[in-house]
Amino acid sequence: MPRDHLLLHPQRVPVTPLDASTLLLLRDLPDGGCEVLMTRRSERASFAPGMYVFPGGGIEAQDAQAGDDVVRSRDGLDATGRTAATAALRETFEEMGLLLAVHADGSPATQADVDALDRHAPLWPQLRARGLRLDVAQLWQIGHFTADRNLPKRFAVPFFVARMPSGQTPEPDNREQFEPVWVQPARALERFQARQMPMIFPTIRTLTRLAQLRSTEGVLAAVVNGPLWKHSPRTGLQSGKEARFTEDEAPYGELAMVCPDGQCLHPLDWQSEHPVPLRKNLLRLTAPNASVMTGPGTNSYLVGEAATGFIAIDPGPADAAHIQRLYDAAGGDIRAIVCTHSHADHAPGAFVLQQLCQDRGVPRPQIHGLPSAPTASASARFTPDLALQDGERLVLSAPPPAGQDLPVTHTLRAVFTPGHAANHVCLVLEEDELLFSGDHILNGSTPIVNPPDGNMDAYLRSLDTLDAICAQEEIDFILPAHGYVLGAARAVIARLRNHRLAREAKVLAAMQALPGGSIQDWVQHAYADTPQPLWKLAERSLLAHVERIQALGLAPAA
């Protein structure tokens, strides 16, 4: 189990979210596209006052108790979904005077039916009296939001979509909801940016997704097989201000690791001047070598604490200022240096750091790693002091602190992962269930596999090795050499593997379409979804795919 006492901040229990439900009513425009119904909440509302939202509200006991005599459902919709959809329709009627319901003969409710009902009286008896049933069968879930853990009032909300009932006109209750407006999603976002339509985070994100689908038919077709997203945002600090992120965004995993309870305390700005604490026994320092290849820069990590000394992982390029910051952050107590591989943005700084320690009169740390293979380029030649063995452990330890029985230990285990480079090694921090992935897994991009030192088949097999380790040891977080910490480790590995195989299928298709083509010809076809300035870099991984395709005997005859 991870050691909670090494978290940076005292933990607190997030507020339990309340169940609610909301409905996006859509209507088509004559010239194409669609609009969604929104309304402004009361300025006196206890939640999101004055914000523009979609109709909806809290799920009540009556929603679960509504029988088939007042609700028409459909096959495949479970009890939870049926209850939430019922609540969305009830709330939409109460707030906006819109009734998505059907008569016994299947005909839709009309404006006359709406006018005959009392929006402030219990709805079920009125539906029975008029032979109406709420038409839950017409609702489809598009997404789900559970509010950020740092909020004092939270809701767990499925978002449903449906067509606007024909012939009806929205009439707000003018108590909770005001000013109904039909608006195209993209236009609503423009008005939000212009500060004309204030909105909360889930509304903004939903509109962003909706804007990409463009038509009512497109929306309904997209959701027929299930929701498009399920989010529980997390908040970090950028330029000193709160910024929220969902699971598909780069900072999310890091926020989950550093502040699992959702507190907004972690800075996300990339800088190279100061170490960034990730745990009490883990610091990250990012080298000032940002580029297309390195993202925000090479991440160097320090594992350990004052009592045990530190192990430095990937000191990075031979940048004297960066190495000095590493040395200072460790208080000069570097017990070992490990390089995940020998590329120029990872390994050269190891020797500079080693020399700095020696010059300062402290014990000279040994450099661990794998020597570069003969296939390595001249800039990636590397010979460590000690060659690691697969599964070898580097251990930092100290006597038990006062009042405790167990010694302090931090154990890094080497996992051989050739592929990106022939001498690539990943590291597992065993006590804390963390994986340092070097360049094998990155946040924000896929690694380049550059033959002859890189090998795509070895790369994929190494991914399988890491997946098995994450499964067996319950590792959730990956700390890459470039970019933020990644959460949901096995899902990340699966996506990366699927991406590589999907790209390989495109490479094979390009080879079949142009059997006499060049690497440059194939790149244009296989990487048509990639910006052209990146094609030169893509040629390297394409070549690695070509070699694998040929080794598997799948290459077409020239």
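For the structure itself, consult the block above.
Calculation rules
Residues numbered from 1 in each chain as written. Predicted model: local features only at pLDDT ≥ 70, side-chain atom pairs only at ≥ 80, totals over all residues. Heavy atoms only, no water. Helix = DSSP H or I, 4+ residues; strand = E, 2+ residues; numbered from the N terminus. Buried < 20%, exposed > 50% of the residue type's maximum accessible area, 1.4 Å probe, protein only. Contact = heavy atoms within 4.5 Å. Areas by Shrake-Rupley, 256 points an atom, 1.4 Å probe, with all protein chains shown as cover. Lys, Arg positive; Asp, Glu negative; His and termini not counted. Charge placed at Lys NZ, Arg CZ, Asp CG, Glu CD. Core = buried A, V, L, I, M, F, W, Y, C linked by side-chain atoms within 4.5 Å. Pairing = 2+ DSSP bridges. Axes fitted to C-alpha atoms, helices over the stretch in contact; angles between N-to-C directions. Expected span 1.5 Å × (residues − 1). Phe/Tyr/Trp six-rings, centres within 6.5 Å; stacked < 30°, edge-to-face > 60°. Parallel < 35°, antiparallel > 145°, perpendicular 65-115°, else oblique. Left-handed = near helix turned anticlockwise from the far one by under 90°. Nonpolar A, V, L, I, M, F, W, Y, C, P; charged D, E, K, R; others polar. Disulfide = S-S within 2.5 Å. Salt bridge = Lys/Arg side-chain N within 4 Å of Asp/Glu carboxyl O.

**Let's talk about the overall build of the chain**
In terms of helices and strands, the chain carries 14 helices and 25 strands. Judged by the C-alpha coordinates and their principal axes, the chain covers about 90 × 75 × 45 Å. Counting every position in the chain, which comprises 558 residues, the buried fraction comes to 53%. When contacts within the chain are restricted to residue pairs at least 6 apart in sequence, long-range pairs at least 24 apart make up 64% of them. A total accessible area of about 24300 Å² is found for the chain, and carbon and sulfur atoms account for 53% of it. Across the chain, the 49 positively charged side chains and the 63 negatively charged ones have centroids separated by 3 Å.

**Topic: the nonpolar core**
Counting residues in hydrophobic clusters, the biggest one holds 30 residues, and the most contacted among them are Leu23, Leu25, Leu99, Leu127 and Leu139. Secondary-structure elements contributing two or more residues to this core are strand 1 (18-28), helix 2 (79-96), helix 4 (123-130), strand 7 (132-135) and strand 9 (155-163). Per element, the largest residue contribution to this core is 6 residues, and it comes from helix 2. Contact partners of Leu25, with chain neighbours within four places excluded, come to Glu35, Val36, Leu37, Thr92, Leu98, Ala162, Arg163, Met164, Pro165 and Trp182.

**Things to note about the pairing of strand 15 (residues 282-286)**
The element strand 15 is largely enclosed, with a buried count of 5 among its 5 residues. Here strand 15 shows two buried faces, one formed by Leu282, Arg284 and Thr286 and the other by Leu283 and Leu285. Of the pairings in the sheet, the one linking strand 14 (residues 276-279) to strand 15 comprises 3 bridges and is antiparallel in character. Residue pairing for strand 15: Val276 is matched across the bridge by Arg284. Hairpin connection from strand 14 to strand 15: 2 residues lie between these consecutive antiparallel strands. In terms of strand pairing, strand 15 meets strand 16 (residues 299-305) through 5 bridges, oriented antiparallel. When the sheet's bridge partners are listed, Thr286 is paired in strand 16 with Asn299.

**A closer look at the sheet that holds strand 14**
If you trace the 7 strands from one edge of the open sheet to the other, you get 14-15-16-17-18-19-20, paired in mixed fashion. Strands at the two margins of the open sheet, each flanked by one partner only, are strand 14 and strand 20 (386-387). Two strands pair when backbone bridges link them, and strand 16 and strand 17 (residues 309-313) are joined in this way by 5 bridges, in the antiparallel orientation. When the bridges of strand 17 are listed, Glu305 appears paired with Gly309. Packing of helix 9 (residues 320-329) onto the sheet brings it into contact with strand 15, strand 16 and strand 18 (334-338), and relative to strand 15 it is tilted by some 165 degrees. Here helix 10 (residues 348-359) sits on the sheet and contacts strand 17, strand 18 and strand 19 (366-369); the angle it forms with strand 18, its principal contact strand, is near 165 degrees.

**Details of helix 12 (residues 489-513)**
Spacing of three or four residues puts side chains on the same side of an α-helix, whose turn is 3.6 residues. With 25 residues, helix 12 should reach 36 Å at 1.5 Å per residue; the first-to-last C-alpha distance of 36 Å fits that figure. Every buried residue belonging to helix 12 is among Ala489, Val492, Ile493, Leu496, Arg500, Arg503, Glu504, Val507, Leu508, Ala510 and Met511, and all of these are buried. Buried residues along helix 12 sit against helix 11 (456-473), strand 25 (477-480), helix 13 (519-526) and helix 14 (535-551).

**Digging into the packing of aromatic side chains**
All told, the structure shown has 8 aromatic pairs when counted by the stated rule. Look at Phe145 and Phe201: their rings are 6.5 Å apart centre to centre, the planes differ by 90 degrees, and that puts the pair in the edge-to-face class. Remark: Phe201 occurs in helix 6 (residues 201-213) and Phe145 occurs in strand 8 (residues 140-146); sequence separation between them is 56 residues. The same class applies to Phe145 as to Phe201, namely buried. On the basis of an interplanar angle of 35 degrees and a centroid distance of 4.7 Å, the ring pair of Trp270 and Tyr484 is categorised as tilted. Here Trp270, found in the loop between helix 8 (252-258) and strand 14, pairs with Tyr484, found in the loop between strand 25 and helix 12; they are 214 residues apart in sequence, far enough to count as distant.

**Regarding the packing of helix 9 against helix 10**
Helix-helix packing is characterised by the crossing angle of the two axes and by the distance between the axes. It is at 10 Å that the axes of helix 9 and helix 10 come closest, and there the two elements cross at 55 degrees. Here helix 9 lies oblique to helix 10, going by the angle between them. When the axes of helix 9 and helix 10 are compared, the crossing they make is right-handed. Across the interface between the two elements, Ile323, Gln324 and Tyr327 from helix 9 touch Gly349, Val352, Leu353, Leu356 and Cys357 from helix 10. Class assignment for the residues of the contact of helix 9 with helix 10 results in 6 nonpolar, 2 polar and no charged.

**Here's the deal with the state of the cysteines**
Across all of its chains, the model carries 0 disulfides by this definition. Cys264 carries a free sulfur, and the closest cysteine sulfur to it, the one in Cys259, is 8.0 Å from it.

**Regarding the pattern of salt bridges**
One pass over the full model with this rule turns up 32 salt bridges. Notably, a salt bridge pairs Arg82 with Asp68, separated by 3.1 Å at the nearest N-O pair. Linking Arg82 in helix 2 with Asp68 in the loop between helix 1 (61-65) and strand 5 (71-72), this pair joins segments that are 14 residues apart in sequence. Judged by relative accessible area, Arg82 falls into the buried class, the value being 13%. Two residues, Arg244 and Asp148, come together in a salt bridge whose shortest N-O distance is 3.2 Å. Separated by 96 residues along the polypeptide, Arg244 in strand 13 (residues 241-245) and Asp148 in the loop between strand 8 and strand 9 bring together distant segments of the chain. According to the relative accessible area criterion, Asp148 is buried, its value standing at 2%. Residues joined by salt bridges that share partners form a network here, namely Glu60, Asp63, Arg90, Glu91 and Glu94.

**Description of unusual backbone geometry**
Following Pro451, the chain continues to Pro452 via a peptide bond in cis, the omega torsion being 5 degrees. Position of Pro452 relative to the elements: it lies in the loop between strand 24 (434-438) and helix 11. At Glu179, a position not held by glycine, the phi torsion is positive, near 50 degrees. Counting through the fold element by element, Glu179 comes out in strand 10 (residues 177-183). You will see that Glu433, though not glycine, has its phi angle at about 55 degrees, which is positive. On the basis of relative accessibility, which here comes to 14%, the residue Glu433 falls in the buried class.

**Thoughts on the sheet that holds strand 23 (residues 425-429)**
Overall, mixed pairing links the 5 strands, which are arranged 21-22-23-24-25 in an open sheet. Of all the strands in the sheet, the pair left with one neighbour each is strand 21 (393-398) and strand 25. Sheet twist, expressed as the mean angle between neighbouring strand axes with direction ignored, is 20 degrees. As paired strands, strand 22 (residues 408-416) and strand 23 are joined by 5 bridges and run antiparallel to one another. Directly across from Leu412, in strand 23, lies its bridge partner Leu429.

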